[in-house]
Amino acid sequence: MALDIEATAKYPLASDDWLKTVGIGGVLLLFSFLLVPLVLVYGYLVRVLRAGMRDSPEPPAFDRWGDLLREGAVAFVVVFVYQLIPLVVFAVTVGGSIAALATGSRAGTGLGLVGLFGGMAVSGLLALVFGYFGLVGLANFAHEGGLGSAFDVAVIKDVALSREYAIPWLYGVGFVLVAGVVTSVLNVVPVIGAILGVFVVFYAQICAFKLWGMGFSAATGAGGTPGMGTSVAV
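Since we're looking at a predicted model, the values are computed, not measured.

Caption draft 1: Highlighting the nonpolar core. Counting 39 residues, the largest nonpolar core has Tyr44, Leu138 and Phe209 as its most contacted members. If one sorts the elements of this core by residue count, helix H3 (residues 36-54) sits on top with nine residues. Setting aside its immediate chain neighbours within four residues, Leu138 contacts Val46, Leu49, Ala75, Val78 and Phe209.

Dropping the structure here:
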């Protein structure tokens, strides 16, 4: 599969309503701490995955909000389940480290610091690994439409271990990392820079999820996905 990175970078601009789309997504991401806006963003990104599978020339629109909410809720559950083990490891290691630090002894402080940084490193690595496989599960959910498809071990293993998916995944991560760098620069300007950074992140997410959808399609031949309509099968 040939990847046109320049075209991918311009993908969010391909629609006549691109400003509206990026604007809505950025605002939702800005208020993602309220959870419902975050769920709606998840629902939209599921649509972007599906658009990537079809190699759609334009990004999807923010419409059919009920569908967005339903798909986003399922996507939220999928992401949470895949990150459950890293979260548990983080909670146990950091909790134990804090308990050791609380003893006030030199040995406790040393063990606590080692456990704290070690736990953060291990849980971070686990989050990356499970996130990689979880994204395949999310793509399979976007393709199949059922919650169970997000945990189809055979499909997830085949796709995750394929070159056709791994390379677009790396490029997608690159878009996210670049957005992080741009956001860091923008944060030099208080408040306004942070707000603008949220829109940059959402823009990069559209690019990345398009690539990840294309990678899933290349690995599975899922390009003819008809879409999920208005219901989510469980």
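Next comes the rest of the write-up.
Caption draft 2: Seen up close, the packing of aromatic side chains. Following the criterion strictly, the structure yields 11 aromatic pairs and no others. Here Tyr42 and Phe76 contribute two aromatic rings whose centre-to-centre distance is 6.0 Å and whose plane-to-plane angle is 40°, an arrangement assigned as tilted. Of this pair, Tyr42 sits in helix H3 while Phe76 sits in helix H4 (residues 65-82), and the two are 34 residues apart along the sequence. Overall, Phe76 belongs to the partly exposed group, its relative accessible area being 29%. For the cation-ring pair, Lys210 lies above Tyr11, with the distance from its terminal atom to the ring centre recorded as 4.0 Å.

Caption draft 3: Just the pattern of salt bridges, in detail. Counting across every chain of the model gives seven salt bridges. Put simply, Asp63 and Arg64 hold a salt bridge, and the shortest N to O gap is 3.6 Å. Each of Arg47, Asp63, Arg64, Asp67 and Arg70 takes part in one network of salt bridges that share partners.

Caption draft 4: How the structure looks around the environment of Ala222. Tracing the sequence through the fold places Ala222 in the segment after helix H9 (192-220). Assessed through its relative accessible area of 4%, Ala222 is described here as buried. For the pair formed by Ala222 and Glu144, sequence separation is 78 residues and the distance between their alpha carbons is 9.5 Å. Ignoring sequence-local partners within four residues, the contact set of Ala222 consists of Met53, His143, Phe216 and Ser217.

What counts and what doesn't
Residues numbered from 1 in each chain as written. Predicted model: local features only at pLDDT ≥ 70, side-chain atom pairs only at ≥ 80, totals over all residues. Heavy atoms only, no water. Core = buried A, V, L, I, M, F, W, Y, C linked by side-chain atoms within 4.5 Å. Buried < 20%, exposed > 50% of the residue type's maximum accessible area, 1.4 Å probe, protein only. Helix = DSSP H or I, 4+ residues; strand = E, 2+ residues; numbered from the N terminus. Contact = heavy atoms within 4.5 Å. Phe/Tyr/Trp six-rings, centres within 6.5 Å; stacked < 30°, edge-to-face > 60°. Lys NZ or Arg CZ within 6 Å of the ring centre and 35° of its normal. Salt bridge = Lys/Arg side-chain N within 4 Å of Asp/Glu carboxyl O.

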